[in-house]
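# Observations on chain architecture
Read off the chains here:
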Amino acid sequence: MGVLLFASGSGSVIDPQSLSTEELYSIIWEGFTDNIPTVLAVTIVFFLLGTFLQAFFTAGAIGMAKKASETGDTVLSDMIRSGSKNAFRLFLTSVLVAVMLLVGIVFIVPAALTIGDISGLIENPQATVEGMGTLAIGVLIWGIYILAINIVLSLAPYALVIDELEPLEALKTGYRFFLKNKLDVFFIWIISIGLAFINSFIGEFLGSESILLSGITYIVPVLILQPLTAVLWTRLYLTGEEKELYNPSDLLSDPAGF
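Before going into details, it helps to say that this report is about the structure given with it. Here the structure is a predicted model, which means the values were calculated and not measured.

Right, let's get into the packing of helix α10 (residues 182-205) against helix α11 (residues 211-240). At a minimum axis separation of 9 Å, α10 and α11 run at an interaxial angle of 175°. For the element pair α10 / α11, the angle class is roughly antiparallel. Taking contact as the criterion, the partners of D184, V185, I188, W189, I191, S192, L195, A196, N199, I202 and G203 in α10 are, on α11, L213, T217, V220, P221, L225, L228, T229, L232, W233 and L236. For the contact of α10 with α11, the class distribution of residues is 15 nonpolar, 5 polar and 1 charged.

Our focus in this paragraph is the nonpolar core. Membership of the largest hydrophobic core comes to 31 residues, with the highest contact counts inside it found for L153, L155, Y158, V185, W233 and L236. Those elements giving two or more residues to this core turn out to be α3 (36-71), α4 (76-103), α7 (132-152), α8 (156-163), α9 (167-180), α10 and α11. A total of 6 residues in this core trace back to one element, the largest contributor, which is α8.

Let us look at the pattern of salt bridges. Taken as a whole, this structure holds 5 salt bridges when the rule is applied. Taking the shortest distance from any N to any O, the salt bridge between K85 and E164 comes out at 2.6 Å. Of this pair, K85 sits in helix α4 while E164 sits in the loop between α8 and α9, and the two are 79 residues apart along the sequence. Using a relative accessible area of 46% as the deciding quantity, one classes E164 as partly exposed. A salt bridge links K243 to D163; its shortest N-O distance comes to 3.1 Å. Residue K243 is found in the loop between α11 and α12 (249-253), and its partner D163 is found in helix α8; the two are separated by 80 residues along the sequence. Classification of K243 by relative accessible area gives partly exposed; the value is 31%. By relative accessible area, which is 26% here, D163 ends up partly exposed. Here the salt bridges do not stand alone but share partners, grouping K67, D78 and R81 into one network.

Rules used in this analysis
Residues numbered from 1 in each chain as written. Predicted model: local features only at pLDDT ≥ 70, side-chain atom pairs only at ≥ 80, totals over all residues. Heavy atoms only, no water. Axes fitted to C-alpha atoms, helices over the stretch in contact; angles between N-to-C directions. Helix = DSSP H or I, 4+ residues; strand = E, 2+ residues; numbered from the N terminus. Parallel < 35°, antiparallel > 145°, perpendicular 65-115°, else oblique. Contact = heavy atoms within 4.5 Å. Nonpolar A, V, L, I, M, F, W, Y, C, P; charged D, E, K, R; others polar. Core = buried A, V, L, I, M, F, W, Y, C linked by side-chain atoms within 4.5 Å. Buried < 20%, exposed > 50% of the residue type's maximum accessible area, 1.4 Å probe, protein only. Salt bridge = Lys/Arg side-chain N within 4 Å of Asp/Glu carboxyl O.

Scope: geometric values only; no functional claims are made or implied.
Below, the structure written as structure tokens:
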């Protein structure tokens, strides 16, 4: 896509399959450096649009999980209502978290200063560049930082939607909840990542042999894994905050009143 985008501006037609890896990197790098304002503008627009859409559906899913946990029933209109009510605030929260994650770029600044101009590395990925070891360590530390932030603030979106908090209040509440329920949060996070990994593993190694199986592995995250994890996180927050949950035994004891 990068080759087609940048090469089209010069009026030339390039078949990416006819180029070597070094030539592809070189064209993409030159196109990026020649169109930095456009690339940044398009990236920011798509990031904000995608983040807002994700915020709407995430808020809607949390709203449905909350309604089901409290009453034992939910409908699609609950998702639309919750998404419309909380999407913008959840969007702002996601932007704040993204900024926090981006701050971690300071971990690779020393290595970047050591390496200097990386155009030679882009044009020749096999070249040996001084400071690459430091860069690898910086990237590793940044990855650990991103992982830690994601775990610590896992419950911030749920606090925002369930308690109808402002973005900063949701971040503080999510952090306080994590401090009080570290093992529970980590356990459900492991379950969520584990299920996604298993589905990805099946799709990667078995999906190529069966179109049906490949299609199922694409559908499972949307129809099963994401709703399941939303319910798990919602019930964890409701339980941790000692909020009243729906008891299925109520239906058995008084079915007429259900």
